[in-house]
Each structure stands twice: as structure tokens, then as C-alpha cells.
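# Coordinate inspection notes
Chain by chain, the residues:
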Amino acid sequence: MSTPTIAPTARQPGTATARKGAIELRQVRKTYGEVVAVDRLDLSIQPGEFVTLLGPSGSGKTTTMMMVAGFEEHTSGSVMIDGAPVDSLPPRERNLGVVFQNYALFPHMSARENVEFALRMRRVPKAESRRRADDALDRVGLAGLGGRKPRQLSGGQQQRVALARALVFNPAALLLDEPMAALDKRLREHMQEEIKALQKSLGISVLFVTHDQDEAMAMSDRIVVMKDGRIVQSGPPEEVYNHPVTDWVASFLGDTNLIPATVISREGGEAVVDLGGLGAGRVRDRGARGDKYAVSIRPEHLTFRVAPGRENSGTGELVSSTNLGATIRHRIMAGGRELQLRELSSNGGAAGQPAGATVHVGWDADKAQLLVLEG
Amino acid sequence: MAQATLARARPGAGGPPSGAPPKRRRRAGWLLLLAPVVVFDVLLFLTPLGKLIGSSFTGGAYARVLADPLVTRSLVNTLSIALTSTAVTVVLGYVIALVLWRSGTVMRVILFAVVLLPFWTGILVKNFAWAVLLQDNGLVNGFLHNIGLINAPLPLLHNRFAVIVGMVHCLLPYAVFPIFSSLAAIDGRLALAARSLGAREAAVFRRITLPLSAPGISAAGLLVFIISTGFFITPVVMGGPGDMMIANEIDYYARQLTDFPGAAALAVILTVLVSIIAAVYQRVLKAGGQHETL
Amino acid sequence: MKRFSAPRAGIRRKPLSLLSLPVFAFLVVPTLIVVPVALNNSRYITFPPDGISLAAVQGFFADPAWTSALSASMQAAAIAVVLGVVFGASAAIGLHGRKFPGQQAVVGLVLAPMIVPTVVLALAFYQFFISVGLVGSIVPIGLAHAVIATPYVYLTTRASLAGLNPALVRSAQSLGAGTLSVFRHVHMPVILPGLISGALFAFSVSIDETVMSLFMQSPGATTLPVKMFTDIQFNLTPKIAVSSALLVTVATIGLLIQVVYVLKRRSTARMMPLAA
């Protein structure tokens, strides 16, 4: 009954020593009959890296995670953990901690028994497994609650138990499937910070699956945006947010102004474009190629100017101003299209201009992105 | 009881939703809908049962039947046969429910049909078929003879073994439904979680599936036991003279001896006995439930 | 919630399936051998059959003792189905979405005949019908069957009513609909499947019921199972096999209706009688 890859190590939980947990997917493909769920995916997660698969439902993100965990068999391609292919290994030999949507805590076991489960499966002696389980519960802030059944714990506490259970056996990496979906907004933000802090202190790599872009932004070292079983864009959160490669990514990651553009010249990471009614523009260019182009400018990157500019600017009529608390949202008709501008309330709000007033707006070249118009 | 047990095994199968505050003006009219069934059941269900209970207390019936060694024997038979068939039925029913649960949609419908065909078929038909299979020149003995395992036919019919085979066959569907319900209520992610934590299939079954389907097992056990205590046909068709159960004794008192008070007393004894066992069983289960652990 | 089929993903199912094969065979084979036995060529019961012929079937229908048993069964079933549907369905509708003192008692009363052992009921009915002088015909048997069939119709109707919002009834009433027209336009379309499956249940319960029919049998009122039960104790004859085959055919038809219904609704939960 030996399970070589998951033999309990002497390493104490919590000591961030030699980093392991590199996950690599090479040309991984998953089909259900005619339907392609995941299409020739290449993805590599560095040891200690927090990578988020972000996409709408049906984008293949959960299927991808299930293939890494070993619950779904991929149709072709290869999955490697720490350099070794694991394609033929059952989940129990992959040594990955998984936190499921709704946690999947064993309802008939106490919190401690849940956490101990992996250790019992690895034949860790009773006394040691109990000590390690209590340590793990302690670390997630549940000291003294080990005797409770899952139904006697709050949603946040249940999630902590799930985390402790997934971490107690020193897994190579942690897989999290929409773990925050069942929590309310305030608790969710708190748990995001906690999980991030825990991950950093353990130095463990994480593959995180979510459809919530705020969550992805808040937690990830790298966001992998998925759509229809493919990766559309991959990069650090700020980069994906500020420099989306397609209009779909731009819209999926938040509000944006999409202005159809004609490319006049592009070189050195910059493009000169014609923005129709808004005149000439000079914007960031990451080399995306397509039939049609647009420029994306986030509402918070559009600012009021005192005078019209030569490029990256427009003049129009203030349609409405809505106070959203921390920010104010303005709608401006300029160059034949409606633009959204968001500024901090503390700025004073369009310098007190009433609706109908003529205003000038502009943006910085490095805050505007040339992207491919898919639709 | 049957309904209550099954409903408990399947969360969400409860009664009709409770309505908004009743409109008093209209309610009387709708209550009239209940009149036929209430009158019918009072007249043709409660009255006969009441008469039966009443008659059991006439002419020292209880003392008479309890002094009858055949009665005590049939009571012992009833308990022993019912307990054995219940145990066998629950084990086999669990296997069937497990396969049903793990099957894909199409296979599941087919297998359900396989379970339901005997359920829809009358007990006499099933017992007749078993008699054909188990008789001296039947299929089973013929098969054993042909492969050279036996020279003379085995006595497979008209004994305790045959009674239990026939009863288990009749009882199986009643065990499958509550067990399947409790299996179907298990979150499929629990098994995935257990496997990701290092559990093999056997450990997943022993530590997750089995404990979580325990409510279905106990519901099935109770239901099957209660039904099995009332068997009448099977002991006659498939059993020997020594395998008569309490129901056969009731029949004997009523139709052979025309001792109605005696038969009534036996019927009351059977009902009370089963109720006591059911109550004890549920109390034991409840007490056990408070200490459930890994 | 997700598309992957959680409980089955990657599970090796072979060993369990192989293990369960004899159990499924145990369950279904005895029911299935009845038909070939009935079509056996021989004057004696054998399995496998020597050859196929309809001789036993013709013999069955030429024997007045068996045909009158068949007709007695049909009459009893007719009484049980009609009364069971009327009483069971009216109870289900009357209790749907309502709360009143004593409601639990009414539900208990409606369901109680299911839980009393049939042998106890048989004795009670036997005694009762003798005392009121109603013996020697099929009527008491039909009435007794109606008593135990009613809860089944009640349960199937109640299950189909579960999809009906009680507010719909109240709003129909507030629009001026009388009791009858509320029933026709609101209840009837919803409960029809429940009524049909309840009627099938009632028919099946009656046609297979043996103990009560045995206690209350008389020369003109011997049902098919009673005739089978009496004969079976002496000999296993081809006519018993034909009668069994008839009953299995009835069961199969009932089952097929149920399967079609389930496939339409796409819910295996509905295949579970009582709990459905």
C-alpha cells in the first residue's frame, strides 16, 4: 500500500523551504464527443506562483483544473508536475491540494477529522496526524473548533477548514475552484487577503479558477483569460487590465471605452491611429493582428482637460454626471460617440460643469491600448 | 409508515407546500372534498379494524392463542425469517442501489425497469416462478446435475431456504428505493475531495459513501422488516410445514378453526410486536446517530 | 453545478458491475421465465421448454374455472380503480396547500391502509363483511381492494400536485371560478399524469392481491391469484403458468407506461413509486 509520490514528508507545514510545485500543461485538449471543451492549451505555473484561470462559464477553466487534479482525463497533450508527467497518475498520487466550490467538506466528520483525512490515508500515526491537523486548523484561525461538524461552522469557517484540509499534507500545489462563490462580499474580500497571505507564507503555487475579475485582480500573480476552451490573454493583472488584446477581454475585465480605430502606422510599441470623430491618436501597441482594430480606454484613464489637445483628446458635450459614492461617472458625447469618464469624487466633479456644457477630455498614450475588434 | 420512511430517506420529497393564510370563506367547500375518503375509510377501514380489536378481547382469546405451541413456534419463525430476509435484502439492495447510482442516465432507466418489473409483478407469480426454478426437476437442479455437481436433486423447495429466497425477491425493490435516494443525495464532490486527499476507491466507499448512505440503509431495513413480518403466501407456496409464519397462523385460526377472537388476538399481537420493534429500532438509531464519527 | 459529472469521473466501475450481475439476474430472471413456461409444449411444467405452443393458453381460456377467475379479478379491479381514483384524488386535492386543525390526522387516515399488514386487514374485512351480511360476491373484495388502493392514488396525485402553486387556485377563485371549473381548468391538467399512474397502481394492487381475496372468496368470486394459490399447493400446472404470464404482461405494460413517462420527464426519481 505504498504511494511513493505522496509519502508524508518530515517537513513541517508552514516552513517555506525549497520551492516546488511547477505545473505545466502542454497542448492539452479535452473533447466530449464533438464538443471541444479545452483546445490545445499551453500553460505553465512557476513554483510559488499564483495563477488564475479567469473566464465565463463554459470557457473550459474548471475542466482545465479538473484535468490538472486528475479527475478528468485529457484527450491529448500532457500534464506535468515538477517536471514529471502525471497523465497516468490517479488524483491521489498527484499530491495536489484541492479546494472545491462549496468546499465539499465531509458532513459526517468533524473539522479535525476532515483535516486529518489525508494524513490517515497516508498512514500517518494517529497522534501525529492529530497534532498536524490541529496545527493546520490553528494556522487558518480555527484553533479550538476542531470538534465541530461542518454544519455547525459559518461559511467562512468552512472555507478555512477546506483550506487546512487541502494544505495539511504539504501538497505540491493548491487548486482552488471558485472557493469564494458562497461567501458574501465583505467576507469574500477578507478571505481573498487571507488566502493570498497564506499562499505567500507557504510559498506554494496556486491554480485558482474564478469568473470574478475583481477576485482575479486582487489575488493573482498572473491572470490567464480563457474563452471557448482557449487562452485569450495571459499576464500580470495590471497588464491584462490596462492592455487587453481584444475587445472581449477589455469588456470582460471591466468597463471600458471602445473606439473603432484605423491604424495609420505602428512601430516601437506605439501606433498612430485615426479615431474618426475623435481625430488622431497615439496609443500603446502590443502587436496584436486582426482585421479590425479599436482603442480601449478605461473610464478612469479618461480625464477632463482645460483645453482641446492635438491628439489623444476630444471635445464634446457633458450628457450626465452620476455620483457613485467614491467616484463620479460622467457621460460625454464627443466625436459622435458616447464616452464614459470616471473620476474620484474628491476631485470635485467636472469642475462643477452642468449637463449640456462643452468639455474637453484626453488620455495618456500609455493608458490607451490598440486591440483587435473580434465581433 | 412506508411513505414516511421513504420520504425521510430523500430530502425534499416532503409533503405539499404549506399555503398562505387560508381564506375562511372558501375553505368549507374544499373540505367537502375530504368527506368521501374520510367516510369511506371510517366505514370500511377503521370500523372493521375496530371490530377486530374488540373481538380479540372476547372469550379469553389471548390466553388461548398464547398457550398454543404452534403459535409460539410461528412467532419465532416470523422473527427469524423476517430478520434473515431483511439482512439479505438490505445487502443485495445496497449493491443494486450502488450500481444504479453509478450508472449513466440511459443505463439507469434500464436498471430501474429491471428493479420495477418484479415490483409490479404479483407475489404469487414470483413465487410460482421460483417454485418452477427450484423444484426437483427445475432449472437449478437440472443445471447442477448437467455440470456433474450433483447426482440426485437437491431439496431446494419447501424449506426455510426457499422461503427466504422468495421473500428476498419480493422485498428487494423496497430496499433499493430508500438506499438509492440517500446515495443520490450525496454531493458528488465529496468523492472527488476524498480522492484528491489520497483515498483509494475502497476508502472512498468505506469512509464517505457508506456512512453517508446510512440513513437510507436504516430506512430500508425498517421498511423491509415491517413488510416481511406479514408474509403469508410465500411460506405456503415455498416453505415446509415447519416454516409457517404468524400470518399463516391467523389464517388457520380464522378459516380452519373459525376462531375469530383467536385470529384477531394473533393479528393484534403481530401488529403490536412489529410496532414495538420498529420503535426500539428507531430509538437505537437516534441514539447511535449522536455518536457518529469517522 | 459544473458540467463534469462528478460522481462518475474516472471511477473504475467494472468490478462492482460484475459483482452485481448475479443480483440483477436474481431480480429479473424469475419474472422472465414465466412467459416461456406458459408457452411450453409439454403437459408438465418444465424449464427450459421442450417446444413452443399455445396449447396451454388455449387450455386456460377453455377452462371455465380459470376464465371466471379472470373475470372476477377484472370486476374487483374495476371497483378498486374507480373508487380508489375518486377517493384518492379528491383527498389529494382537498389537502393540497391547506393547513387546518386535524390535517395530519386526515393524512394519516388516508395512508394508514398501506401500513397495516394485509393479513390483518383480510381478517378484519372477512369478519366485518360476514357481520354485515355482504359475502358471496365480488363486491366486498372490490371494496377491500379499494381501501388499500386509495393511498397509492393519493400519493401519485399529491406528487403531481406538488408542481401546482396553491395561489393559482385562490386566484382562480378570486376571479369567480366555481369549485367545479377550478377543478377542470386548474387541477385537471396538472394531476392527469398522477391520476393515470395512480389508476395503474390501483389496478396492479387489486389484480395481484391474494390474501384478502382468499379470505373472502366464494364460488362466484374467486380471483385469479386465489385460483393460482389454491392450485399451486397441489401441483405446478401449465394453466398457472398462463395465468402468471398474463399478470406479467399486465405488469410489463404498466412498467412501460411508467418508463415512457420517466423518459419524457427526464427524472429517474419519478421511477421510485411512493417516494415519487
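Residues take numbers from 1 onward in each chain, read along the sequence in its written order. Here every chain gets a letter starting at A, and every ligand a number starting at 1, in the order they are written. Totals for whole chains, interfaces and linings use all residues, but because this is a predicted model, local features are given only for residues with pLDDT of at least 70 and pairs of side-chain atoms are given and counted only at 80 or more.

Named according to an unreviewed UniProt entry, chain C is ABC transporter permease originating from Arthrobacter wenxiniae. UniProt positions are given in the numbering used here, feature names are shortened, and annotations may be inferred rather than shown by experiment. One UniProt comment on chain C, placed under Sequence similarities (unreviewed entry), says "Belongs to the binding-protein-dependent transport system permease family."

Going by what an unreviewed UniProt entry lists, chain B is known as ABC transporter permease and is assigned to Arthrobacter wenxiniae. Per UniProt, chain B carries the Subcellular location (unreviewed entry) text "Cell membrane".

With that out of the way, let us pick up the overall build of chain C. Only DSSP runs of H or I reaching four residues or more are called helices, and only runs of E reaching two or more are called strands; each is numbered from the N terminus. Summing up its helical and strand segments, chain C has 11 helices and 0 strands in all. The order of α-helices and β-strands along chain C, N terminus first, is α-α-α-α-α-α-α-α-α-α-α. Neighbour density around each residue's C-beta defines its exposure: 20 or more other C-beta atoms within 10 Å make it buried, 12 or fewer make it exposed, and counts between make it partly exposed, where C-beta atoms are placed from the backbone. Taking all 276 residues of chain C together, the buried fraction comes to 50%.

For an α-helix, 3.6 residues make a turn, and residues three or four places apart therefore share a direction. Spanning 23 residues, helix α6 (residues 139-161) of chain C covers 31 Å between terminal C-alpha atoms, matching the ideal 33 Å at 1.5 Å per step. Of all 23 residues in α6(C), 22 are buried, a share of seventy percent or more. Here the expected length of a helix is defined as 1.5 Å per residue gap, with one fewer gap than residues.

Residues and elements named next belong to chain A. Two strands qualify as a pair provided that DSSP identifies no fewer than 2 bridges between them. Strand order across the open sheet formed by 5 strands is β15-β19-β16-β17-β18, with antiparallel pairing between neighbours. Of all strands in the sheet, those with a lone pairing partner are β15 (303-305) and β18 (337-344), marking the two edges. Across the sheet, the axes of successive neighbouring strands diverge by a mean angle of 50°, strand direction being ignored. Where helices are involved, their axes are fitted lines through C-alpha atoms of the stretch in contact, as for all axes, and angles between N-to-C directions lie from 0 to 180°.

Here the focus is unusual backbone geometry. Most peptide bonds take the trans form, and the phi angle of most residues other than glycine is negative. Phi is positive for Gln27(A), close to 50°, though the residue is something other than glycine. Inspection of the secondary structure puts Gln27(A) in strand β1 (residues 23-32).

Moving on: the interface of chain B and chain C. Quoted interface sizes are often the accessible area lost when the parts come together. Contact between two residues is assigned whenever their backbone-derived C-beta positions fall within 7 Å. With 90 residues of chain B at the interface, the matching set in chain C holds 93 residues. Residues belonging to the side of chain B that touches chain C are distributed by class as follows: 63 nonpolar, 16 polar and 11 charged. When residue character is reported, Ala, Val, Leu, Ile, Met, Phe, Trp, Tyr, Cys and Pro are called nonpolar, Asp, Glu, Lys and Arg charged, and the others, Gly included, polar.

So, on to helix α6 (residues 105-120) of chain B. Look at α6(B): 22 Å from first C-alpha to last across 16 residues, which is about the 22 Å you get at 1.5 Å a residue. Leu111(B), Phe112(B), Val115(B), Leu116(B), Pro118(B), Phe119(B) and Trp120(B) are the residues of α6(B) that are buried.

What follows deals with the packing of helix α7 (residues 123-134) of chain B against helix α9 (residues 160-184) of chain B. Residues and elements named next belong to chain B. It is the contact of α7 with α9, at a shortest axis distance of 10 Å, that shows an interaxial angle of 140°. Between α7 and α9, the angle falls in the class oblique. Seen along the crossing, α7 lies across α9 with a hand that is right-handed. Contacts between α7 and α9 involve Ile-123, Lys-126, Asn-127, Trp-130 and Leu-134 on the former and, on the latter, Ala-162, Val-165, Gly-166, His-169 and Cys-170. Tallied by class, residues from the contact of α7 with α9 come to 6 nonpolar, 3 polar and 1 charged. For classification purposes, an angle smaller than 35 degrees is called roughly parallel, one larger than 145 roughly antiparallel, one from 65 to 115 roughly perpendicular, and anything else oblique. By definition, any crossing whose near helix is turned counterclockwise from its far helix by less than a right angle is left-handed, and any crossing with a clockwise turn is right-handed.

Residues and elements named next belong to chain B. Within this structure's numbering, the places UniProt gives as "transmembrane region" (unreviewed entry) are residues 30-54, 74-97, 109-133, 161-186, 216-240 and 260-281. End C-alpha atoms of residues 109-133 are separated by 28 Å, and the span's content is 92% helix alongside 0% strand. Secondary structure across residues 216-240 comprises 80% helix and 0% strand; the distance between its end C-alpha atoms is 34 Å.

Counting 166 residues, the largest nonpolar core has Leu123(C), Phe125(C) and Ala202(C) as the members making the most contacts within it. Once you skip the residues sitting within four places of it in the chain, Ala202(C) turns out to touch Ala80(C), Val81(C), Gly84(C), Val85(C), Ala149(C), Tyr152(C) and Val153(C). By size, the runner-up hydrophobic cluster in this structure holds 108 residues, among which are Val68(A), Val99(A), Ala162(A) and Ala250(A). For this entry, the nonpolar core is defined as buried Ala, Val, Leu, Ile, Met, Phe, Trp, Tyr and Cys residues connected by C-beta atoms within 7 Å.

The next point concerns the packing of helix α2 (residues 111-121) of chain A against helix α4 (residues 155-167) of chain A. Residues and elements named next belong to chain A. Look at α2 against α4: their axes get within 7 Å of each other, and the N-to-C directions meet at 25°. As far as their axial angle goes, α4 and α2 are roughly parallel. The interaxial crossing formed by α2 with α4 has right-handed handedness. In this structure, α2 uses Ala-111, Asn-114, Val-115, Phe-117 and Ala-118 to contact α4, whose residues at the interface are Val-161, Ala-164 and Arg-165.

Turning next to the UniProt feature "transmembrane region" (unreviewed entry) in chain C. Residue and element names in this part refer to chain C. Taking the UniProt record as the reference, the feature "transmembrane region" (unreviewed entry) is found at residues 21-39, 76-95, 107-128, 134-155, 190-207 and 240-263. The straight-line gap between the two end C-alpha atoms of residues 21-39 is 27 Å; of that span, 95% is helix and 0% is strand. The span residues 190-207 carries 100% helix and 0% strand; its end-to-end C-alpha distance comes to 27 Å.

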